[in-house]
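Observations on the three-dimensional arrangement
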Amino acid sequence: MKPTALHRSRYRILGQIGQGQFGRVYCAVHRQTGELVALKDLNPQRFPTNRFLREFSYLVSLRHPNIVSCRAIEHHAKGRYLVMDYCEGGTLRDLMDAQGQLSLGYRLNLITDILLGLEHAHQHNIIHCDIKPENILLSLTNQGWKARITDFGISRLSQQGAHTGQDGGYTGSPAYMAPERSYGQHSYACDLYSVGIIIYELLIGERPFSGLPGDLILAHLNQRVTIPDTVPPSLRTTIERALEKLPQRRFASAREMLTDIRHAAEVLELKTPQRVFSPPVLLGESDGVEILGQTPLRDAVSYLAVEGRLVYLGMWKHLSCAIYRDFNLTGEAIAEKSITLTDPILELNLRPQGCFILTRASSRLPVEYNLYCWRPSLNVAGTALEEYQVFPPLQARQVIHAIDVKGRWLALASQSNSKDRYSQFQLLKLPDLSPINPPVRSPLPPQLLTLDNCHGLALFPYQYHGKQRTYFYFFNRRGLIIKGFSVPLMLFSLIPLPDSPYQLFGIDANEPDIAIIIKLKPLKVTRIALNFAPKFILPQSWGYILANSQGQMMLLDRDGFRMAYVNLSLKITAMVSFGDSKLLVASWSKGKGMLSKLDLSKVIDNC
Ligand SMILES: Nc1ncnc2c1ncn2[C@@H]1O[C@H](COP(=O)(O)OP(=O)(O)OP(=O)(O)O)[C@@H](O)[C@H]1O
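Residues numbered from 1 in each chain as written. Predicted model: local features only at pLDDT ≥ 70, side-chain atom pairs only at ≥ 80, totals over all residues. Heavy atoms only, no water.

Details of the overall build of the protein
To be explicit about the condition: A run of DSSP states H or I qualifies as a helix once it reaches four residues; a run of E qualifies as a strand once it reaches two. Both are numbered from the N-terminal end. Exposure categories follow from relative accessible area, calculated using a 1.4 Å probe and restricted to protein chains: below 20% of the type maximum is buried, above 50% is exposed, and the middle band is partly exposed. Contacts are assigned to residue pairs with any non-hydrogen atoms lying within 4.5 Å of each other. Here, Shrake-Rupley sampling with a 1.4 Å probe gives the accessible areas, and only protein chains in the shown set may cover a residue. A residue counts as positive if it is Lys or Arg and as negative if it is Asp or Glu; His and the chain ends are not included. Charge positions come from single atoms, namely NZ of Lys, CZ of Arg, CG of Asp or CD of Glu.
The secondary structure content of the protein amounts to eight helices and 38 strands. Taken over the C-alpha atoms alone, the protein extends approximately 90 × 55 × 45 Å along its principal axes. Relative to its 607 residues, the protein shows a buried fraction of 54%. Long-range contacts, defined as pairs at least 24 residues apart, comprise 51% of the intrachain contacts of the protein with a sequence gap of at least 6. Counting only carbon and sulfur atoms, one obtains 51% of the accessible surface of the protein, whose full area is about 27100 Å². Across the protein, the mean location of the 66 positive side-chain charges is 6 Å away from that of the 52 negative side-chain charges.

Here it is, written out as structure tokens:
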């Protein structure tokens, strides 16, 4: 249940991100500035005031890019929140668990971030006492992830010295706990030991010791750390020194450990900035793709769309619709209809009313956009019929549009003149195009998209002073624009998942072989390394089909985990999915075209 007092607060809650021992954590956006924050709801019954004040006092005194800062306390009817910087990438644990293999340089960058944050805390006499991947959050930057330390709930001031029993039982995590912690000693070296375990885990893929808490404590005290030969020698010595049993034998400070890591990176000739991920290992060609049928094509098809048993094929100014016997598109088409438009096709959108076609006449001035709705059908006698609607022309230099999922309204941003980067943004009722709201002046968004039948999204990617961000503005069906938030990425086009439209998929414009999944409520960003830059992105109920024009195809599940890599060996010009696991692929090679009907179910079942 959302806390009611927040409705009147400066923040609008986007969703719950997590649940700690002491209360829930929400992702919220500042209503005026669009800044994202995490609101940590600290239940006064479960979170003692002394612990709350301790965490708060530590956090406000620590201002560093690698520490999650606390900005304020927000009081509400049932308690209080810590207002904190929001980290959209989740925890380091999430990144370690994700399938994408982080490049070595990038893993060292993350360690560097943690040590920079720790150095700052130690300079303020604060020992964190619970460094572990779950307490390292990730913020998105133009260069990738930035690691930031959080959760100073059991931290201590270094002057507090060695004593036990004041933590109320919150003594840290045994897997990352330095040996001396088990007999109540705290020093900066404890935190460096925990970083040593994280390095071990990041490089080797598992922790040096495992077992129940008691076994772990004994292992930290007595067991030798064995480091596999795969670890480069320069990093082996770093780990050995960080994991020394005696604190005085470890690095003297976070700065010293940092220098050591940087030296190791130099020895290994790891250049910065590093790619985030190593290219994924190809999963091999799959012979699981079944060809259900192939039909020759006369032209190179640029648009393909399927609605029930209707298949639309678009090329230049021509659109044809093949009508099949059933939804599996079995056999040959039983009827066909086609139209030739005055101008080239720019976009096709299937809605319950039919196929909305946007064309652009750039050879005439002023440039004219035309919207049509075309609906072929079959009568009981088996004759193909058609209904056709032409909307009034839109004269503008550039038009960006999105049609509501039920085809009841159209969001339109039109720019009349190239010197003016602003556009008129308006919602129009369909089918008569009567205005819903007076036009609003806004920069021209490269993409408008509808999320559900009441809400849409406008994307505004910007670049200034070398920094890049994409702003998300939401609008409702009455044309009211709600300022959203921004992410430090250049995104020009996002695709919603059909049954979960608040999950968007896109490609980082700066790294075209990195896919981005953005969950909007609450905001969570995932980056996925691909083997290629996809040209075709087909969202499915189970995940995503990605392909390039050379026929390389990758299947991802809904969270971006790689399921399969397939080489279709086709020069693809257009593709569309139908059913839950079937594809229609239009290809063109050496003057010959082919429409292939493929079944991916075996590939999907094998994943
Ligand atoms: N500033 C933040 N930005 C983004 N996500 C956050 C932020 N703070 C916390 N979270 C998310 O909320 C979850 C819960 O965090 P919280 O700090 O309350 O609990 P915890 O670390 O799991 O446990 P504990 O109660 O022991 O501190 C975390 O796992 C993390 O994913």
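Considering the pairing of strand S35 (residues 562–567)
Consecutive side chains of a regular strand alternate in pointing toward one face of the sheet and then the other. We apply this condition: In short, DSSP must find at least two bridges between two strands for them to pair.
Buried residues dominate S35, accounting for five of its six residues. Pairing analysis gives five bridges linking strand S34 (residues 552–557) to S35, with the strands arranged antiparallel. Looking at S35, one finds that Met554 is bridged to Tyr565. The turn joining S34 and S35, which pair antiparallel and follow one another in sequence, is formed by four residues; a positive phi near 95° is taken by Gly560.

Digging into the packing of helix H4 (residues 188–204) against helix H7 (residues 254–267)
Relative orientation and spacing of two packed helices are given, respectively, by the angle between their axes and the distance between those axes. In plain terms, the rule: Note on definitions: angles span 0 to 180 degrees between N-to-C directions of axes, and those axes are lines fitted to C-alpha atoms, for helices only across the stretch in contact. Any angle from 65 to 115 degrees is called roughly perpendicular, while one under 35 is roughly parallel, one over 145 is roughly antiparallel, and all others are oblique. For any helix crossing, the convention is left-handed if the near helix is rotated counterclockwise from the far helix by under a right angle, and right-handed if that rotation is clockwise. The nonpolar class holds Ala, Val, Leu, Ile, Met, Phe, Trp, Tyr, Cys and Pro. Asp, Glu, Lys and Arg form the charged class, and all remaining residues, Gly among them, are polar.
Where H4 contacts H7, the axes come no closer than 11 Å and their chain directions differ by 25°. Here H4 lies roughly parallel to H7, going by the angle between them. By crossing handedness, the relation of H4 to H7 is classed as right-handed. Across the interface between the two elements, Leu192, Val195, Gly196 and Ile199 of H4 pack against Ala254, Met257 and Ile261 of H7. The residue inventory of the contact of H4 with H7, partitioned by class, reads six nonpolar, one polar and no charged.

Let's talk about the domain arrangement of the protein
Selection rule: Per the annotation, domain bounds derive from an automatic or database assignment of domains. The term buried area means the drop in 1.4 Å probe accessible area that two parts suffer when joined, counted for both and summed. Salt bridges are identified by distance alone: a Lys or Arg side-chain nitrogen within 4 Å of an Asp or Glu carboxyl oxygen.
Domain boundaries assigned for the protein yield domain 1 (4–84), domain 2 (92–267), domain 3 (283–344 + 532–607) and domain 4 (396–529). Its C-alpha centre places domain 2 at a distance of 41 Å from the equivalent point of domain 4. Of the residues lining the interface, six residues belong to domain 2; the matching set on domain 4 comes to nine residues. Summing both sides of the interface, domain 2 and domain 4 together bury roughly 620 Å²; the carbon and sulfur share of this comes to 59%. On the domain 2 side of the contact with domain 4, Leu140, Asn142 and Trp145 bury the most area, a combined 77% of that side's loss. Notably, a salt bridge pairs Lys524 with Asp94, separated by 3.9 Å at the nearest N-O pair.

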